[in-house]
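Inside the fold
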Amino acid sequence: MELQHADVIVIGAGTVGSMALWQLSKREGLTVVGIEQYGRVHPHGSYAGESRVFRTAVHEGGTYVGMIQRSRELWRELERESGRDIYAEVGCLSIAPEGFPDLETAIGTVRQFDIPHRLLSTEDLRAQYPQHRIADGDVALLDEHGGGLRPEVAVMSALDLAEANGAELHFNTPVLELEERGNGVVVRTTQGAWLARTVVVASGSWSTRLSPELNDLLRLQVLGLTWFMPRHPEQFVPERFPAFLRDAGPIHFRRRLRHRPAQRGGRRQHARRRRAHGDERWYAPVQHARAHLADRRIGGRVSQDPPVRRLRVPGIRFGDGGERGLASRLRRERHHRRRGDLL
C-alpha cells in the first residue's frame, strides 16, 4: 500500500482533536491531516450534550488556573474567527454546604489568583437566586468569568476553520494501526495509510482501541444526562440565572445554557445496565433524578412531566481494570438526538 505523507496527523476530531487541528492549521508550511472514525460532529464523543460548564474557579486547586485563563482567551478567539456564539460568560455558581471541601478549595484558588468572584451567604442566595431551593447553611461562590460552552458548535467551528486554513480532514475513517519507524509514524486506516513526522492521538473515550495497554489505566463509563423543562422558563434565562454546579447525593446538577432553558441532571457515579434485544444498553434512572430535582434542590420549579431529552455519553474515568468490551458495545448503540438547532 502506497503511503501518503503529512507533517502532522491528528487522530480524532472531537474536543481535543478539533482544537489541535485548528491551531496547527495556522502554522505556515505545515501539512496537517485530521482522521476521525465517525462523521463531522457526532453523538459518540464525550463532548456530546449541547452544553458544558466553564469555570475559572476550579475545585481542583491552582494547578490548572494558567491553562484555564488561556483557554478563556482561545474561546473568544474561536468565536471571533468563526462568527458563532460559543461561550456565554454568564457566571457560574458553585453551591454547597458551608465548609464543603471542594468549595473551600475553589475559594482559596480565586483568592490566590485574584479571579473575579463573589461569595454569597445563605440569605444572599435565597434573595438573589430564588429559583434554587436553598437549605440552611448552603453558601455559594459565583465565578464571574464562568459560564457555559456549546461543545458541538465549538468542535464544528474549529474543524471548519482548520479546513479553511488548508488542513485535510477525513471522516468515517477508523484507524487500524500505528507503527513507529525511524522516519516517523505510519497510520493505517480503512481508507489508506499515511506516514507523518508527528502524530497527535486525541481519540478520547476510544483511546484503548489504539492502545490496549491503557485498559489498566482508563475506565470507560457512560454518563446519563437528562433535561427537565422549568415551569417558568423566564426565570431561567441567562440574564437572571447563571450556570451552576451542585451535588445532591448521586445526582450532579448543572444548568443548561440554551435559548429554551432546561435543567440537566446526570448520574455522577454509576449508570445501570440491562439487556434489551440481545444487546447491553445503558440508561440513567430518570425517575430518581426527577425525585432529587423535585424534593431536594429545585422543588416546585421543574415540571414533573417526562424529561424533554435524554442522552447517554461515553466518558473516561481513571482507575484500574475497566470495562474492556464497553467501547465496542457503545459503538453499536443508537443515540437519538435532534441536530437542527446546533448552529
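Calculation rules
Residues numbered from 1 in each chain as written. Predicted model: local features only at pLDDT ≥ 70, side-chain atom pairs only at ≥ 80, totals over all residues. Heavy atoms only, no water. Salt bridge = Lys/Arg side-chain N within 4 Å of Asp/Glu carboxyl O. Helix = DSSP H or I, 4+ residues; strand = E, 2+ residues; numbered from the N terminus. Buried < 20%, exposed > 50% of the residue type's maximum accessible area, 1.4 Å probe, protein only. Core = buried A, V, L, I, M, F, W, Y, C linked by side-chain atoms within 4.5 Å. Contact = heavy atoms within 4.5 Å. Axes fitted to C-alpha atoms, helices over the stretch in contact; angles between N-to-C directions. Parallel < 35°, antiparallel > 145°, perpendicular 65-115°, else oblique. Left-handed = near helix turned anticlockwise from the far one by under 90°. Nonpolar A, V, L, I, M, F, W, Y, C, P; charged D, E, K, R; others polar. Polar contact = N/O pair within 3.5 Å; in protein donor to acceptor, adjacent residues only side chain to side chain.

Tallied over the full model, the rule gives 16 salt bridges. Across the salt bridge formed by E81 and K26, the nearest N and O atoms sit 2.9 Å from each other. Within this pair, whereas E81 is found in helix α2 (residues 65-82), its partner K26 is found in the loop between α1 (15-24) and β2 (32-35), the two being separated by 55 residues in sequence. For E81, a relative accessible area of 37% translates into the label partly exposed.

For the rest of this paragraph, the subject is the nonpolar core. Ranked by size, the top nonpolar core spans 15 residues in total, and within it V10, L21 and L159 carry the most contacts. The set of elements that each furnish at least two residues to this core consists of β1 (3-11), α1 and α5 (151-164). Counting residues per element, this core draws most heavily on α5, at four residues. For L21, the residues in contact, after removing those within four places along its chain, are V10, A13, V32, V33, G34, L159, A162 and L169.

This next bit is on the packing of α2 against α5. Remark: α2 packs on α5, axes separated minimally by 10 Å, with the N-to-C direction vectors making an angle of 60°. The orientation of α2 relative to α5 falls into the category oblique. Two packed elements cross with a definite hand, and for α2 against α5 that hand is left-handed. Mapping the contact onto sequence places W75, L78, E81 and S82 in α2 and A154, S157, A158 and L161 in α5. When the residues that make up the contact of α2 with α5 are grouped by side-chain class, the tally is five nonpolar, two polar and one charged.

With that out of the way, let us pick up the side chain of R246. If you trace the backbone, R246 turns up in strand β14 (residues 243-248). A residue is classified by how much of its surface remains accessible, and R246, at 3% relative accessible area, is buried. Engagement of the side chain of R246 in a polar contact is seen with the backbone oxygen of R133, the distance being 3.0 Å. Within polar-contact distance, the side chain of R246 engages the side chain of D138 at 3.0 Å.

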